[in-house]
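If you want the building blocks of each chain, they are given just below.
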Amino acid sequence: MNHKFSVAPMLDWTDKHCRYFHRKLSHHAVLYTEMVTTGAILFGQGDYLSFNEEEHPVVVQLGGSDPEAMAKSALLCQQRGYDAININVGCPSDRVQNGMFGACLMAQPEKVAACVSAMRAVVDIPVTVKTRIGIDDSDDMQFLTDFVGIVRDAGCSQFIIHARKAWLQGLSPKENREVPPLNYPRVYQLKQQFPDLDISINGGVKTVEECLAHLQYLDGVMVGREAYTNPLLLAQIDHALYDDPRPVPTPHQLVREMLPYIEQQMQQGARFWHIARHMLGIFQGVPGARLWRRHLSETGHLPTSGPEVMLAALAKVPE
């Protein structure tokens, strides 16, 4: 699995419909699920591991800190066909902290290492970690290298580093994605200290040019909100980063290619809006984009809406 470019796990955003759409834009980008907790997998009533076969390569992100529960969940993820499993050590929300996982685990590297060891004992697919550069006042290079070193020794060879620290008190999750300053050089330095590890960077990346700049120092780039709000970024990735010569489909072609999927999913009980909402940004920066978004937003959430709403919105954007 070439992790040169990936789309970040984003709660309420990167569900299976979003990932199917993103795969239409890029053949090579590695896609991530929303974070799913071990409790949801082991005791929840729904199917929290559902995905479309077309999504590969796809990574499931787990939230948890109990090695036994993480191992049981990891085995179920492997059996379902995921390509890798990622441990969330970056989310700063209060709810996640109360469950003893997310960014607060940076202060307990031995616990993360125990989870990695337990998971690797039962699965053959990669077990990776997504984390921050620090938490609260534990915000120096030594803290980061100590954490990575301990988890590496447990058998984790791939890390995704969000190049901001997390404030565990006083900032909302949204503010934690924006307020702490980005520190890209620290992630570059981490790669220099651990040259054998596969290290990707996350945080604030918005263009292909920025991806290429980071790839001079690191193994991969993970893009979050920009890939969601401006999905056409993904359409540039295959050619620019993977030298894929296949022609890039136009936004109009991409929308039409989604229609059979929408019909199929609606026959299985999905609501039109649950899929269409992920496509609002496909015409960003294009004349007619506002009319496209407005028509979908005003009409798409109605219980009777279907593909005809998307075709009507598409007609508002000049081809």
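Whatever comes next refers back to the structure up there.
To keep things clear, this report deals only with the structure shown in the data block. All residue numbers refer to positions counted from 1 along the written sequence of the respective chain. Local features in a predicted model are, by the rule used here, given only for residues with pLDDT of at least 70; side-chain atom pairs are given and counted only at 80 or more, and totals for whole chains, interfaces and linings are based on all residues. With hydrogens and water excluded, all non-hydrogen atoms of the structure serve as input to the side-chain values.

1. Brief notes about the environment of Ser26
Using the following cut-off: The helix count covers DSSP runs of H or I at least four residues long, the strand count covers runs of E at least two residues long, and both are numbered beginning at the N terminus. Contact definition: two residues touch when any of their heavy atoms are within 4.5 Å. In protein, a polar contact means a hydrogen-donor-capable atom and an acceptor-capable atom, both N or O and within 3.5 Å, with residues adjacent in sequence counting only if both atoms are side-chain atoms; elsewhere, any N or O pair within 3.5 Å suffices.
Positionally, Ser26 belongs in the loop between helix 1 (16-25) and strand 2 (30-37). C-alpha of Ser26 to C-alpha of Ala235: the two residues are 209 residues apart in sequence and 5.7 Å apart in space. Ignoring anything within four residues of it in the chain, the contact list for Ser26 reads Leu234, Ile237 and Asp238. From its side chain, Ser26 meets the backbone nitrogen of His28 in a polar contact 3.2 Å long.

2. A closer look at the pairing of strand 8 (residues 220-223)
Residues in a regular strand project their side chains so that they alternate between the two faces of the sheet. Applied cut-off: Between buried and exposed lies partly exposed: a residue is buried under 20% and exposed over 50% of the maximum accessible area for its type, with that area taken using a 1.4 Å probe on protein chains only. Pairing between strands is defined by DSSP: at least two bridges between them are needed. A right-handed crossover is one whose linking path, passing over the helix from the first strand to the second, runs clockwise when the strands point away from the viewer.
Both faces of strand 8 are covered, namely the face carrying Gly220 and Met222 and the face carrying Val221 and Val223. Pairing between strand 1 (residues 5-7) and strand 8: 3 bridges, direction parallel. Looking across to strand 8, one finds that Val7 is bridged to Val223. Taken together, strand 7 (residues 198-202), helix 9 (residues 208-214) and strand 8 constitute a β-α-β crossover, and its handedness is right-handed.

3. Concerning the pattern of salt bridges
We count it as follows: Salt bridges are identified by distance alone: a Lys or Arg side-chain nitrogen within 4 Å of an Asp or Glu carboxyl oxygen.
For the structure shown, the criterion picks out 13 salt bridges. Across the salt bridge formed by Asp153 and Arg152, the nearest N and O atoms sit 2.9 Å from each other. In this structure Arg152 comes out as partly exposed when scored by relative accessible area, which is 35%. Overlapping salt bridges, with partners in common, bring together Asp139, Lys165 and Arg186 in one network.

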